[in-house]
Amino acid sequence: MAEGRTGQGSLWGGRFGAAPAAAMAQLSKSTHFDWALAPYDIRQGTAHANALLRAGLLDEPTHAALTAGLEQVAAEVDSGQLQPAEADEDVHGALERRLIEIVGQDVGGRLRAGRSRNDQVATDLRLLLLDVSNAVTAELVDLCGALLTQAERHHADPAPGFTHLQHAQPVTLGHEIGKHVQPFLRDLSRLRDWQQRTSVSPMGAGALAGNGLGLDPVATAADLGFSRSFENSIDAVVDRDFVAEFLFITAMIGVHLSRLGEEICLWATSEFGWVYLHDEFSTGSSIMPQKKNPDSAELARGKSGRLIGDLVSVLTMLKGLPFAYNRDLQEDKEPVFDAIATLRLVLPAMTGTVATLRFRPEVAGAGTADGHSLATELADWLVRQGMPFRQAHEVSGRAVKAADEAGVQLWEVDLPAVDPALTPRAVEALSVDAALAARGHPGGTAPEAVARQLKQAREALEQYR
Ligand code: ARG
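If you're wondering where the values come from, they're calculated on a predicted model, not measured in any experiment.

A short note on the overall build of the chain
- Looking only at helices and strands, the chain features 20 helices and six strands.
- Taken over the C-alpha trace, the chain has a radius of gyration of 31 Å; the compact-globule value for 465 residues is 23 Å, which it surpasses by more than 25%.
- Dimensions of the chain along its principal axes, counting C-alpha atoms only, are 100 × 55 × 35 Å.
- Split into buried and exposed, the 465 residues of the chain put 49% on the buried side.
- Residue pairs at least 24 apart in sequence account for 75% of intrachain contacts in the chain once pairs closer than 6 positions are excluded.

As structure tokens, this is what we get:
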């Protein structure tokens with residue numbers, strides 16, 4: 001067995017008499033997923049070189065050589081020319097190996113002073129997720145834009161509103177579509193809050209106890225563009241709240257996408273027929289030539305399970321974990337990278353699906369032709385005449401029963417025969433337009449209230465552009 005020696009992609013070795021067994025090395029290795037951190041690790045290395053210079057631990061020429069070396073490594077990562085080698089334990093070891101190949105041991109071996117992979121990896125992951133959160137924000141803004149365009153088109157078209165998947169009360173189609181914008185606006189605000197909480201630099205925390213070399217964490221935080229530096233060096237290296245919270249947000253977005261997806265599937269059924277799916281965002285069947293399936297919406301619904309699983313993986317890994325760093329923490333990365341990849345596949349496809357939907361307002365509107373969904377209007381009319389709602393509900397219910405028994409619509413019932421309080425004028429309450437118009441309050445479904453709602457959503461969206 002080979003003797004343990006620092007180098008060959010690992011950052012330790014002096015105290016070992018043997019190199020890791022193959023099974024140990026395989027288990028330990030993380031380059032197949034943490035390579036995504038490489039650009040951030042290099043950025044952070046450059047900031048750390050600056051910290052060493054400020055502390056008088058590097059002279060100007062050595063600092064310049066290190067910085068130039070890091071620039072070259074960055075270019076090689078960027079072009080794909082540099083890849084992790086078989087012997088590299090992780091991204092940090094691989095990058096140091098390459099840096100030393102370029103600038104030599106004496107220069108390259110100085111960068112690690114006062115720095116541990118513990119503060120390093122926590123810093124890299126924050127930087128990566130902060131970047132990704134901007135990309136997700138932009139993709140969510142696009143999706144909301146597509147939803148708003150559809151909602152605006154149909155802001156005044158009546159459609160049945162549902163509870164328990166049964167006709168409940170009439171609303172407008174724009175209101176139905178607009179209801180999907182609000183959850184995503186909340187997700188955008190969650191991402192923004194998260195960005196503020198996550199903009200904390202762990203650099204300078206070392207392995208756990210801080211650094212003893214006079215490196216100023218506050219200056220490095222500023223150098224890296226973080227809003228602030230850590231308050232407790234132990235917490236700094238083990239805090240993964242930012243990962244769990246990010247995964248909660250992606251899971252929540254997934255749940256919102258799943259509900260939108262489910263509704264698109266429902267609307268596209270022959271039974272509903274509220275929308276036509278565009279060819280570009282549907283798929284066919286291998287056996288039934290006529291089929292056109294809403295697979296983008298179904299995959300959005302299905303992949304939400306994966307996003308929830310990623311959150312649960314990380315919370316489970318964190319639960320009961322001793323302080324400070326433990327290798328368990330390496331298991332934070334694959335779930336969060338999976339969540340990012342999943343979400344960034346789904347979001348553009350859902351935006352395209354929504355943008356290309358062709359609504360059929362005449363079909364949706366036909367669903368309001370049944371008078372039963374106006375029974376609340378009849379009860380409200382009686383309330384306006386001074387009747388207690390409990391009694392009005394009962395009277396209106398009897399009118400519905402009379403309609404069912406006679407096989408007629410609610411407005412065709414002999415209303416005064418149901419109850420003397422129902423004068424012939426009560427029939428005026430039994431119109432979809434009246435039901436919509438009565439709800440002009442903020443957030444209501446009257447066409448002008450929906451128009452205001454959509455305008456406000458557009459304005460809210462602007463702040464995330
Ligand atoms: N690959 C490790 C991780 O992702 C880097 C930190 C290793 N730290 C250590 N003490 N072994 O967490």
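Let's pick the thread back up.
Section: the pattern of salt bridges
- One pass over the full model with this rule turns up 28 salt bridges.
- The partner of Arg98 in a salt bridge is Glu76, and the shortest N-O contact between them spans 2.6 Å. Taken together, the residues span a long stretch of sequence, with Arg98 in helix H5 (residues 91–103) and Glu76 in helix H4 (residues 60–79) at a distance of 22 residues.
- By relative accessible area, which is 17% here, Arg98 ends up buried.
- The class of Glu76 is buried, set by a relative accessible area of 7%.
- In this structure, the salt-bridge partner of Arg240 is Asp332, at a minimum N-O distance of 2.8 Å. Separated by 92 residues along the polypeptide, Arg240 in the loop between helix H11 (233–238) and helix H12 (241–267) and Asp332 in the loop between helix H13 (295–318) and helix H14 (333–356) bring together distant segments of the chain.

Re empty space enclosed by the protein
- One pass over the structure, following the stated rule, counts two cavities of 30 Å³ or more.
- Taken as a whole, the largest cavity holds about 110 Å³ of empty space.
- Lining the largest cavity we find 14 residues, and of these Asp41, Leu95, Glu96, Leu111 and Arg115 sit closest to its centre.
- When contributions to the lining of the largest cavity are tallied by element, the ones reaching two or more residues are helix H3 (38–54), H4 and H5.
- If one sorts the elements of the lining of the largest cavity by residue count, H5 sits on top with four residues.
- Among the residues forming the lining of the largest cavity, the class breakdown is seven nonpolar, three polar and four charged.
- For the second largest cavity, the calculated volume is near 40 Å³.
- Around the second largest cavity, the lining residues are Leu147, Ile177, His180, Leu260, Ile264, Trp267, Val354, Leu357 and Phe359.

Overview of the environment of Val243
- One can find Val243 in helix H12.
- What makes Val243 buried here is its relative accessible area of 0%.
- When the C-alpha positions of Val243 and Glu331 are compared, they lie 11 Å apart, and in sequence the two are 88 residues distant.
- Once you skip the residues sitting within four places of it in the chain, Val243 turns out to touch Leu125, Leu129, Val314, Asp332 and Val336.

Observations concerning the packing of helix H7 (residues 117–153) against helix H20 (residues 447–462)
- Contact geometry for H7 and H20: axes closest at 10 Å, N-to-C directions at 165 degrees. Classed by the angle they form, the pair H7 and H20 counts as roughly antiparallel. Considering how the two elements wind past one another, H7 and H20 form a crossing that is left-handed. Contact with H7, carried on its side by Val141, Cys144, Gly145, Leu148, Thr149, Ala151 and Glu152, involves Leu454, Ala457, Arg458 and Leu461 of H20 and no other residues of that element.
- Looking at side-chain class alone, the contact of H7 with H20 contains seven nonpolar, two polar and two charged residues.

Regarding a nonpolar patch on the surface
- Together, Leu208, Ile234 and Phe323 make up a nonpolar patch on the protein surface, roughly 310 Å² of accessible area in all.
- Turning to its location among the elements, Leu208 is positioned in the loop between strand S3 (200–201) and helix H10 (217–223).

A short note on the packing of aromatic side chains
- Within this structure, the stated rule accounts for seven aromatic pairs.
- Residues Trp12 and Phe16 carry aromatic rings whose centres are separated by 4.9 Å and whose planes lie at 50 degrees to one another, so their mutual orientation is tilted.
- Note on Trp12: relative accessible area 26%, which makes it partly exposed.
- Both rings, one in Phe162 and one in Trp274, keep their centres 6.1 Å apart while their planes meet at 50 degrees; by these two values the pair is tilted. A residue pair is termed long-range when its members are at least 10 positions apart, and Phe162 in strand S1 (residues 158–163) and Trp274 in the loop between H12 and strand S5 (275–276) qualify at 112 residues.
- Look at Phe162 and you get partly exposed, because its relative accessible area is 28%.
- Judged by its relative accessible area of 4%, Trp274 falls in the buried class.

Points about the side chain of Ser282
- Tracing the chain through its elements places Ser282 in the loop between S5 and H13.
- The exposure class of Ser282 is buried, given its relative accessible area of 14%.
- Not counting chain neighbours up to four residues away, the residues in contact with Ser282 comprise Leu277, Lys292 and Asn293.

Things to note about the packing of H7 against helix H9 (residues 181–198)
- At a closest axis distance of 10 Å, the pairing of H7 and H9 adopts a crossing angle of 160 degrees. In terms of their interaxial angle, H7 and H9 are classed as roughly antiparallel. Of the two elements, H7 crosses H9, and the hand of that crossing is left-handed.

Points about unusual backbone geometry
- The linkage connecting Phe323 with the following residue, Ala324, adopts the cis geometry, with an omega of -5 degrees.
- As for its placement among the helices and strands, Ala324 is situated in the loop between H13 and H14.
- Phi at His164 is positive, roughly 55 degrees, even though this residue is not glycine.
- Look at His164 and you get exposed, because its relative accessible area is 74%.
- Residue Leu165 is not a glycine yet carries a positive backbone phi of 60 degrees.
- Tracing the backbone through its elements, the reader meets Leu165 in the loop between S1 and strand S2 (166–172).
- Taking the relative accessible area as the measure of exposure, Leu165 reaches 59% and is therefore exposed.

Reading the values: rules and limits
Residues numbered from 1 in each chain as written. Predicted model: local features only at pLDDT ≥ 70, side-chain atom pairs only at ≥ 80, totals over all residues. Heavy atoms only, no water. Helix = DSSP H or I, 4+ residues; strand = E, 2+ residues; numbered from the N terminus. Rg over C-alpha atoms; globule rule 2.2 N^0.38 Å. Buried < 20%, exposed > 50% of the residue type's maximum accessible area, 1.4 Å probe, protein only. Contact = heavy atoms within 4.5 Å. Salt bridge = Lys/Arg side-chain N within 4 Å of Asp/Glu carboxyl O. 1 Å grid on protein atoms, 1.4 Å probe; cavity = no way out; pocket = protein on both sides within 12 Å on 5 of 7 lines; lining within 4 Å. Points joined across faces, edges and corners; volume = space filled by probe spheres on them. Nonpolar A, V, L, I, M, F, W, Y, C, P; charged D, E, K, R; others polar. Axes fitted to C-alpha atoms, helices over the stretch in contact; angles between N-to-C directions. Parallel < 35°, antiparallel > 145°, perpendicular 65-115°, else oblique. Left-handed = near helix turned anticlockwise from the far one by under 90°. Patch = residues over 30% accessible without salt bridge, like charges linked within 9 Å, V, L, I, M, F, W, Y side chains within 5 Å. Areas by Shrake-Rupley, 256 points an atom, 1.4 Å probe, with all protein chains shown as cover. Phe/Tyr/Trp six-rings, centres within 6.5 Å; stacked < 30°, edge-to-face > 60°.

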